[in-house]
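# Examination of the molecular architecture
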Amino acid sequence: MDVDLLRPGTVPIAPDTVLWFEFLLHQDLLLSHLQKSAPDPTPTELISKFSDAIADTLRNRFEAENGDVVTVESMHDNIKHPAKNMALKVLSLKVAAFIKWDLAQIRSLPFKTQIHLLQDLLYFTNDKTTAEIPNIDAKREGEPIPYLFALVVYHRWLLNVTMHRITSNWQMRMGNTEISPPEENIICSHDNVRKTVEFLTSALSWDDVPSMLTFECFKLPTETNDLEFDWPCSQPISKEEFSAQLNYDLGTFFFYKEDYNSAREHFSECLSSFRAMKNNNGFVKFNFNVLEVYVRACSGPTDGSKRSLLEQLNLSIVNHYMGITTILQQDNVYREIPLAHRIGLELDIQGALSSGTFTVARDLLCKIRALNIVRCVLDQKPTYQSSCSSFKNAEILVWAVEVTWKALNEVDKKTLKKYLTDLILKREMPDLLSCVQSNETVLKIFDKSDLQFIRNADVQVEIPDSLHKTSWTLYDFTRKRKPKLEIKQLEQDLIATYDHKEIRDLLKKISMNQLGSSVWNINPQWDLPIPIQSVLKSLPRGFLQDFGFVMMAKAREQMLNKVWNSSLELMLILDKELGSGNGNIGKLSRLISWEILSVQITQLLEEWPKSTIDKMALANACEVCLQTNESVLPRTEITEQCVLCLLNLGRWEFLVNFDKRWPSFEITSAVALACQELVKHKGNKKLSKNLWEIVLPIFSLPPQQSKRGNSGSSVFHDAQVQITNLKNSIMAIFSKLRDATVLTVVISMLARLHNILKDETSLEVQVDYVILWPAVISNANSYSMKTAHDTLSQVVSQALQYYPTNVPWLRLMGDVNFANGHYNVSLKYYLKSLLICNDYFNIPVRHDDHVFRRMIKCCVALGCNTQAAVLCQFLEEPDYVLAFRILGEQKYCNDAVDAYYHCIWDTNILEYLIHVHNKRGEYQRRKCATQVIGSLELNSNNNEEIQREASNSRKSTFLRALCKQYVF
């Protein structure tokens, strides 16, 4: 059954829904609901619902009379409650009586609801005399019996609340019944707690114990009768029950106050009263097992039974290890104490002795260690075995075995005998055998045959020298050689080494042992460019051919591993080995020089911008390579590398004027021309369209496939392949751009293209020199927006790897992600740009309306409305309309809401926040905004310097908080 406390008729309700007034019309309805096995809602939820209904009624009444919103606290003071509210209060008390005034359940209610419930109990039981917590008169004489029970419940509650508010997360704030921390501190003040302890202590000496109020004591009002109470229906409480529960409450309070003597006295009285109880009618609400734990903790008597060995161990530790060996001897038989505790005990004593904290008997530590060894052997666990080898006192070990032996069973005796036998045979304790023979009890463990075997045993084992070796080289078997195995070992050494001397020696050994075979097939990963491979194969068969192949393969490996110096060294050594010559030797030498140039270019691009290579000499070498007229031409890959190297090193004049004999020259010369024009005219003149016209086709969509036959399908396929190849070649060039000016030209062109294809002014990306490119494209629908976005993102991301502090590119990445709906990533890049240009916000943040407006839109899209409202202040002219709309229309919020209020310095926004929270009844947030607007630095009468400093401080704090959320 779902209890709905809404006003009838406001919303459609289910047929089985019960409204609050039905509990008044049907007297048995509440009891039948509570008696269910799992009532829904639970009793505490039902009390909370009744309390919320009372608060809503009072609020509506005050709003109707005063036309303003009032707090719940002011409504409950000095007002006359309507009959409906009085009935709801009685219903709450009936539910509390049904759960036998269980304080554990009552404490789960909101704190203000608990106070109202107890105030109502005190009010009704004291002839409707108003009671205001915590100002409760606790006199005994002449008070009604029901009121005495209410006082007992109240003081028990206050004692429990005082204790649990510190030791657990007892306070639950929910519904519309809140209370401020200062009010909590007043209620649970030291003076009130002292009065409570005095009252409960005096209550233990009462001759007449008050009866417990039951469900039947509270009568619901009817249309003819006013409030009535049937106090004789209360349930009697025996003297023993009353004493047990109150002593338990006082004992736990003193226990958490660390007053263990008082706690022990109350727990002892509680234990005596509990044993004298004949039955429990529900007033006693503690667990006997928990009581026993409290008693043991206070070192009080429990049941007269013997303590466990673990308890005796802890007590011995407290008493400076008094009788510790006796406890460990018993534990070797019963094994109750965990082995970890015993090892910890040994380490504690060892540490205390070494630090000089206290002094004990000289042999105590040895005895504890020996007893622990026996326990570990009996448990057959290797946990402690490693430290047994360091124990050399055979006499004490024999003593530890002797004091335990008689109480062990046959299985344990065999285990211990085997351990002693192994220990003697290993000779780790040279005098162990003599100590065993001198001890009559332990000597009986071994018979004559065992002793004879031990005396005659020789356990010395000779370890072969081969097992002492640490080298992984093959064992030198001189009696029988294995040539194939030796050759394989030489080949493995050749693959592993990069030393030219070792390579030379290994090649000689391999050629001597493996006639007729080639080293070219040793490693399938050794792959050389075709021109070099052809020239090497044309050389005469012999050492030079093999040495050249291996050295070039090793150099290529090191280049791929980015070990540049080793790669260059291997090729230079090979070139020196070749010397000066004609024919194939000369060709190979020339090819090697170009490969060296290729490694240097690759190193320059990989280490950019911190490369140590001489850039001027490298650029000259690239020009020479491109202008060569020899019969042996460089590889196509090397010429492309030279072109890109010259483009990145600023040799644009050479690239513009040079003959475009290779396909890659066309796009690189177009980029060089655009860079030349940009530098020459300083961005004041439109750039050449050559680069634009070359790059534009890669974004075109493939033509529609014809349905007429195979010829149409072939044309479609060819066009698609052509576009893909062009795109791959251009992207390969873009991926190797490093110079900042070159990247600026390409990025500005791609940004312009992105804006044209996106065709939305609100989503345009901004970057330097974007206006220098064409503003329109004919037939723009035939180009792919996705390809343009991916290309721009890829190029800018690559550029940021080499120039991570370039603010325009960081903002561009923010714009690109904003245009594609990636608001979280967009905020990350916007904040990075602000962080860099403002020195991590150590200098005043400058106005940038483009960035801040887009950050506002990102925050709104992410549901972080408070962050968006704070950012509205960062604009050159604060956008109050936008800020008010964001704050006024928000139904949910994904940020910290009022945690950002201290970052607001504009009083207009703060005043609107106070109005909105007051209108919604969000009093805590209204209070937070009120505190912020009341700070001295936000006073409108301050001079401009103070106001500017206040805004700058809050800007820095807020932006740093955003960086922690989105950037770091």
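Criteria and thresholds
- Residues numbered from 1 in each chain as written.
- Predicted model: local features only at pLDDT ≥ 70, side-chain atom pairs only at ≥ 80, totals over all residues.
- Heavy atoms only, no water.
- Buried < 20%, exposed > 50% of the residue type's maximum accessible area, 1.4 Å probe, protein only.
- Helix = DSSP H or I, 4+ residues; strand = E, 2+ residues; numbered from the N terminus.
- Arc of directions from axis to C-beta.
- Contact = heavy atoms within 4.5 Å.
- 1 Å grid on protein atoms, 1.4 Å probe; cavity = no way out; pocket = protein on both sides within 12 Å on 5 of 7 lines; lining within 4 Å.
- Points joined across faces, edges and corners; volume = space filled by probe spheres on them.
- Nonpolar A, V, L, I, M, F, W, Y, C, P; charged D, E, K, R; others polar.
- Expected span 1.5 Å × (residues − 1).
- Core = buried A, V, L, I, M, F, W, Y, C linked by side-chain atoms within 4.5 Å.

Let us look at helix α42 (residues 880-889). Taken as a whole, α42 has its buried residues at Leu882, Ala883, Ile886 and Leu887. Seen end-on, α42 carries its buried residues on one side only, within an arc spanning 125°. Facing away from the buried surface of α42 by more than 90 degrees, the exposed residues are Val881 and Glu889. Against the buried residues of α42 lie α40 (849-861), α41 (865-871) and α43 (907-920).

Glancing now at empty space enclosed by the protein. Scanning the entire structure with this criterion turns up two cavities of 30 Å³ or more. Taken as a whole, the largest cavity encloses approximately 90 Å³ of empty space. Along the walls of the largest cavity sit ten residues, with Ser51, Ile54, Ser92, His116 and Asp120 positioned nearest its centre. Elements with a contribution of two residues or more to the lining of the largest cavity: α3 (43-66), α5 (83-98) and α7 (111-125). With four residues, α7 is the largest single contributor of residues to the lining of the largest cavity. Of the residues assigned to the lining of the largest cavity, the class counts are three nonpolar, five polar and two charged. The computed volume of the second largest cavity comes to approximately 30 Å³. Residue lining of the second largest cavity: Trp692, Val695, Leu696, Phe699, Met749 and Leu753, and that is the complete set. Every element with two or more residues in the lining of the second largest cavity is listed here: α34 (690-695) and α36 (740-758). Its residues assigned to classes, the lining of the second largest cavity comprises six nonpolar, no polar and no charged.

Excluding glycine, most residues fall at negative phi; most peptide bonds, likewise, are trans. Across the junction of tryptophan 608 and proline 609, the peptide omega takes the value 5°, indicating a cis bond. A positive phi is found at arginine 335, a non-glycine position, where the angle reads about 55°.

A word on helix α19 (residues 394-405). End to end, α19 covers 16 Å across twelve residues, agreeing with the expected 16 Å (1.5 Å per residue, within 8%). Residues of α19 that are buried: Ala394, Ile396, Leu397, Val398, Ala400, Val401, Thr404 and Trp405.

In this section: the layout of surface pockets. For the second largest pocket, the calculated volume is near 620 Å³. Forming the walls of the second largest pocket are 33 residues, and the residues nearest its centre are Glu637, Glu640, Gln641, Leu644 and Lys736. Only α27 (543-560), α28 (564-578), α29 (584-606), α31 (636-648), α33 (664-681) and α35 (710-734) provide two or more residues apiece to the lining of the second largest pocket. The class makeup of the residues in the lining of the second largest pocket is 17 nonpolar, seven polar and nine charged.

When a protein is soluble and globular, its nonpolar side chains tend to lie buried together. The biggest cluster of nonpolar side chains holds 112 residues, and the ones touching the most others in it are Leu494, Ile667, Leu691, Phe734, Leu737, Ile747 and Leu812. The contacts of leucine 812, once residues within four sequence positions are left out, are Ile747, Ala751, Val765, Gln766, Val767, Leu792 and Val796. The next biggest cluster of nonpolar side chains, apart from the first, holds 81 residues, and it includes Leu29, Ile47, Val95 and Phe283.

Moving on to the environment of leucine 347. Position of leucine 347 among the secondary structure elements: in helix α16 (residues 339-355). As for leucine 347 and arginine 369, which are separated by 22 residues in sequence, their C-alpha atoms are 9.6 Å apart.

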